[in-house]
Amino acid sequence: MGRKIFVSYKYADTSVENLNSWSNSAVRDYVNEFESLLDSDTDDIYKGEGDDEDLSNLDEETIWNKLKDRIYDSTLTVIMISPNMKEPGVPDKQQWIPWEVSYSLKETSRKNKNGDPITSRTNAMIAIVLPDSYGSYSYYLEGKTCCPSNCVTHHTERLFQIIKDNKFNLTNASKRTCDNGQTIWSGDVSYIGAVKWKDFKTNPNYYINASYDRQDNTDNFNIVKTIA
């Protein structure tokens, strides 16, 4: 059976590496490329909202009504991390991505055509980190040499709070402290795992399947489902 995938992203963020030499790329172009990488039996991809839709005057019920048909029957939510995914000075509740992540994580009941309630599962989740305009990922994923085995720092301050809350949230995770006092986590420790675009596109199914494995073990994570 095909996978139903919802993609959450900042549509017009152009602070990403160009995918070709003849035009400037935006995150939307990476979504198109993402779609082309999927298996032919994968179900429709449910796209995110456009940048020109204003949330400031909408209540939670209205927002939900706009999103529920796209997210309710999806099984995987992909978040495209880009340098300017967050609009500066605008609260999370007035931006689309946090709402899309929140509703993807919630278990929601709706009635089918027979009037029977059907409850959705918490979606599998994965964050794909896109390269910035210089081709670098270090704005979010930065390699460090703080330990003999090396490590990667996640600059979670660049994320919306609900995404940040679902990073490094595995209960009883394996971790250690380096000589400089930094905490090093080992293994698949985040419900919203993160992968560089260049790595994802070499083996999409590996990373997608890993997100479904985490979905099968949601009780092992401290999952935050609401926007702060």
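Since the model is a prediction, treat every value here as computed from it, not as a measurement.

Things to note about the confidence of the model for the protein
Confidence along the protein averages 86 in pLDDT terms, with 86% of residues attaining 70 or more. Ranking the elements of the protein by mean pLDDT puts strand β4 (residues 109–111) last with 68 and strand β6 (residues 124–129) first with 98.

Here's the deal with unusual backbone geometry
For F168, which is not a glycine, the phi torsion comes out positive at approximately 55°. Mapped onto the elements, F168 comes out in the loop between α4 (161–165) and β9 (174–177). Taking relative accessible area as the criterion, F168 reaches 26% and is therefore assigned partly exposed. One non-glycine residue, N172, lies in the positive phi region at around 60°. Note that N172 resides in the loop between α4 and β9.

A few points about the pattern of salt bridges
Under the definition given, this model contains 4 salt bridges. A salt bridge links K4 to D73, with the shortest nitrogen-to-oxygen separation between them at 3.2 Å. Pair noted here: K4 is in the segment before β1 (5–8) and D73 is in the loop between α2 (60–71) and β3 (76–81), with a separation of 69 residues, a long-range link.

Some details on the side chain of S15
With respect to the helices, strands and loops of the structure, S15 is situated in the loop between β1 and α1 (27–37). Overall, S15 belongs to the buried group, its relative accessible area being 15%. At 3.1 Å, the side chain of S15 forms a polar contact with the side chain of N84.

A closer look at α1
Within α1, burial applies to V27, R28, Y30, V31 and F34. Angular distribution of buried residues about the axis of α1 spans 155°; they occupy a single face of the element.

Focus: α2
The set of residues buried in α2 consists of I63, W64, L67 and I71. Seen along its axis, α2 keeps its buried residues to an arc of 95°; they face one direction. Buried residues belonging to α2 abut β1 and α3 (96–105).

Considering the environment of V189
Note that V189 resides in the loop between β10 (183–186) and β11 (193–196). By relative accessible area, V189 is classed as buried at 5%. On a C-alpha basis, the gap between V189 and L170 in space is 4.9 Å, while along the polypeptide they are 19 residues apart. Not counting residues within four places of it along the chain, the set of residues in contact with V189 comprises F168, N169, L170, A173 and F221.

Rules used in this analysis
- Residues numbered from 1 in each chain as written.
- Predicted model: local features only at pLDDT ≥ 70, side-chain atom pairs only at ≥ 80, totals over all residues.
- Heavy atoms only, no water.
- pLDDT = per-residue confidence, 0-100.
- Helix = DSSP H or I, 4+ residues; strand = E, 2+ residues; numbered from the N terminus.
- Buried < 20%, exposed > 50% of the residue type's maximum accessible area, 1.4 Å probe, protein only.
- Salt bridge = Lys/Arg side-chain N within 4 Å of Asp/Glu carboxyl O.
- Polar contact = N/O pair within 3.5 Å; in protein donor to acceptor, adjacent residues only side chain to side chain.
- Arc of directions from axis to C-beta.
- Contact = heavy atoms within 4.5 Å.

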